[in-house]
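As a plain string of letters, each chain reads:
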Amino acid sequence: MDTRASLSILLLLFGVAQGSPLMMPDGVFVSEPEPVDITTRILEANNGSSEVLIEGDLVFPKTRNALYCLNNNCFWKKNSNNIVEIPYIVSNEFSNFDKSVIANAISVFHTKTCIRFVARSSQTDYISIENRDGCFSALGRTGGKQVVSLKRDGCVYNGIVQHELIHALGFYHEQTRSDRDQYVKINFENISPDMAYNFVKQRTNNQNTPYDYGSIMHYGRTAFATRPWLETITPIPDKTVEIGQRQGLSNIDVLRINKLYGC
């Protein structure tokens with residue numbers, strides 16, 4: 001067996017053991033092997049986090065009300081070339097492999113939208129991707145240094161990176177959008193009363209786009225359940241519709257980003 005083949009097998013075995021996405025020698029990423037939905041991953045990583053979080057992974061606003069965005073001030077600005085440049089830095093606590101996962105997730109925004117994450121130089125407003133105690137982000141542009149947390153043990157996956165960055169672009173979770181009751185039933189009897197606030201509907205701008213069961217921003221069926229097997233979100237009228245995918249941006253996710261930012 002040649003060296004290249006041996007390396008590929010070793011990487012695959014390591015990935016199965018670690019539960020992480022892998023980049024093969026060809027530069028192709030291998031998806032996470034075990035079928036765990038994105039919400040389960042995020043909530044497990046955020047268990048015990050010191051941050052005050054709403055909807056599981058949104059940093060509670062300390063200086064403004066995140067429910068409203070007056071004069072579009074909580075969105076990132078376009079430059080003269082009609083490109084939305086978002087300065088960012090990545091903590092050196094991340095390994096080279098972690099950084100490659102993050103870069104791969106970011107590259108999808110560059111190929112499908114007018115969003116460009118650019119290396120920060122001296123810009124005042126920027127995103128700082130850090131290894132903190134969970135997977136979380138603020139909602140939209142908050143001004144100044146803005147942390148997107150990707151805990152190394154549990155958050156550095158393609159889908160989670162994109163999920164948290166979409167929050168930073170200004171998007172809520174899909175199942176809290178204003179018209180969600182037409183598309184899903186929230187089973188509050190299966191949710192602890194002190195967790196019910198995570199399912200409050202928001203005043204969202206849905207941009208005339210359809211409800212997206214396949215959005216990377218949609219919770220899984222058992223999010224915040226009092227027992228692991230209980231369903232908290234049921235699609236309607238077809239309860240068999242899949243929700244909570246973890247791979248990456250859906251076509252409607254891309255459409256919404258482009259509509260919101262006028263790409």
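That block above? That's the structure.
Residues numbered from 1 in each chain as written. Predicted model: local features only at pLDDT ≥ 70, side-chain atom pairs only at ≥ 80, totals over all residues. Heavy atoms only, no water.

Student: Mind showing me how you'd approach the overall build of the protein chain here?
Tutor: Each helix and strand counted, the protein chain has five helices and 11 strands in total. Working note: accessible area of the protein chain is about 12,900 Å², and carbon and sulfur atoms make up 54% of it. (Helix = DSSP H or I, 4+ residues; strand = E, 2+ residues; numbered from the N terminus. Areas by Shrake-Rupley, 256 points an atom, 1.4 Å probe, with all protein chains shown as cover.)

Student: Would you take a moment to explain helix α3 (residues 96–112) for this structure?
Tutor: For an α-helix, the turn length of 3.6 residues means that residues three or four places apart are oriented alike. When the terminal C-alpha atoms of α3 are compared, their 25 Å separation across 17 residues agrees well with the 24 Å that a helix rising 1.5 Å per residue should span. Among all positions of α3, only D98, S100, V101, I102, A105, I106, V108 and F109 are buried. (Expected span 1.5 Å × (residues − 1). Buried < 20%, exposed > 50% of the residue type's maximum accessible area, 1.4 Å probe, protein only.)

Student: Help me understand unusual backbone geometry in this model?
Tutor: With an omega of 0°, the peptide bond between I236 and P237 qualifies as cis. Here P237 shows up in the loop between β11 (233–235) and α5 (251–260). The phi torsion at Q207 lies on the positive side, around 55°, for a residue other than glycine. Taking relative accessible area as the criterion, Q207 reaches 10% and is therefore assigned buried. Positive phi outside glycine occurs at N208, with the angle close to 55°. Topologically, N208 is positioned in the loop between β10 (184–186) and β11.

Student: Quick question: what am I supposed to make of the state of the cysteines here?
Tutor: Two cysteines form a disulfide when their sulfur atoms are joined by a covalent bond. According to the stated counting rule, one finds two disulfides in the structure shown. Between C114 and C263 runs a disulfide, and the two sulfur atoms are separated by 2.0 Å. The sign of the S-S torsion, about -65°, decides the handedness of the disulfide formed by C114 and C263: left-handed. Separated by 149 residues along the polypeptide, C114 in the loop between α3 and β6 (115–119) and C263 in the segment after α5 bring together distant segments of the chain. Residue C263 is classed as partly exposed on the basis of its relative accessible area of 45%. Residue pairing for C135: its cysteine sulfur links by disulfide to C155, the two sulfurs lying 2.0 Å apart. Between C135 and C155 the disulfide shows an S-S torsion of about -85°. By sign, it is left-handed. Placement of C135 in strand β8 (residues 135–137) and of C155 in the loop between β9 (145–150) and α4 (158–169) is noted, with a sequence separation of 20 residues between them. For C135, a relative accessible area of 0% corresponds to the buried category. Residue classification places C155 among the buried residues on the basis of a relative accessible area of 0%. (Disulfide = S-S within 2.5 Å.)

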